[in-house]
Amino acid sequence: MKSISLESFQGGTKKIIEEFNLLLEKSDYNLNPFVIGDTLQMPEKYPNDFPVVLRNFLEIVRDEAKEITDMESFEVAFQALDDYDNNNKFIKWLLRYIIVLVEPFRDAAFLREMPNETFQKMADYCFANLIIRNSGKKSIDTSIGDIQQLIILRKIMFRFVEMVIVNNFSYERAFYSIKRMFGLEQEKIQIWGDLVKANEEKLWRVMMMQKLADMEEKLDFILEQIEK
């Protein structure tokens, strides 16, 4: 078949397939030229409206990927295409992209379900001990929460801090990005926003010291390779 049948899909998954079929048609059923390695690129020749269609497709994937409940069936549907060999690189890129989008959302499920009072308690502890001081995994107080959950919380909070402190996002833009990626309510993200606002100068020093440490580590690695 030239395009994927919509009969087995519904909701957000169906939207993704619909837009993929449109993208497939616009590319003359050959999407592989738009992939180089792990990234997308625009080849020398492409339809004038293709960038707009591609952008719309990626926006829908970003918004609806978390609705995919059966990844195996989703993947099999692409393999039935008549022109699979002309599109397999793009399909593999797409499936990897979806996993990158979905895994953080699923990892954050416990935060979405957590009562705000517990969320506040864990956020305060994580901010003070795993971001400002970075006490390490072995020092985590298990009376505050599960170690793995606190590690995930730290990772997501650190992402928020990077957006505001390093990337200079406005708080509104950072709130929107975190909500889109992890599905957290505004009220919960605001807890992080209040912590960051009250500690911006301290966080700036923490983030710059970490960037410096990362640079030194990379430099040491390069020097070691040169000396070999």
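A brief structural summary. The structure presented is a predicted model; accordingly, all values stated were derived computationally and were not measured.

Helical periodicity: at 3.6 residues per turn, an α-helix aligns residues three or four positions apart in one direction. The end-to-end C-alpha distance of helix H1 (residues 11-26) is 23 Å, a good match for the 22 Å that 16 residues give at a rise of 1.5 Å each. Here H1 has its buried residues at Gly12, Thr13, Ile16, Ile17, Phe20, Asn21, Leu23 and Leu24. Against helix H2 (50-64), helix H3 (71-79) and helix H4 (84-107) lie the buried residues of H1.

Tracing the chain through its elements places Asn129 in helix H6 (residues 116-132). Using a relative accessible area of 16% as the deciding quantity, one classes Asn129 as buried. A polar atom in the side chain of Asn129 sits 3.0 Å from the side chain of Arg133. Those residues in contact with Asn129 that lie beyond four places of it in its chain are Asn134 and Ser135.

Let's shift gears to the packing of aromatic side chains. Taken as a whole, this structure holds 12 aromatic pairs when the rule is applied. When the ring of Phe20 is compared with that of Phe90, the centres are 6.4 Å apart and the planes differ by 35°; the resulting orientation is tilted. In this pair, Phe20 is assigned in helix H1 and Phe90 in helix H4, connecting sequence segments 70 residues apart. Residue Phe20 is classed as buried on the basis of its relative accessible area, which comes to 0%. Both rings, one in Phe57 and one in Phe90, keep their centres 6.3 Å apart while their planes meet at 35°; by these two values the pair is tilted. Placement of the pair is Phe57 in helix H2 and Phe90 in helix H4, with a sequence separation of 33 residues. A relative accessible area of 0% places Phe57 in the buried class. When its relative accessible area of 1% is taken as the criterion, Phe90 is described as buried. Over the face of the ring belonging to Phe169 we find Arg173, whose NZ or CZ atom lies 3.8 Å from the ring centre.

Basis of the calculations
Residues numbered from 1 in each chain as written. Predicted model: local features only at pLDDT ≥ 70, side-chain atom pairs only at ≥ 80, totals over all residues. Heavy atoms only, no water. Helix = DSSP H or I, 4+ residues; strand = E, 2+ residues; numbered from the N terminus. Expected span 1.5 Å × (residues − 1). Buried < 20%, exposed > 50% of the residue type's maximum accessible area, 1.4 Å probe, protein only. Contact = heavy atoms within 4.5 Å. Polar contact = N/O pair within 3.5 Å; in protein donor to acceptor, adjacent residues only side chain to side chain. Phe/Tyr/Trp six-rings, centres within 6.5 Å; stacked < 30°, edge-to-face > 60°. Lys NZ or Arg CZ within 6 Å of the ring centre and 35° of its normal.

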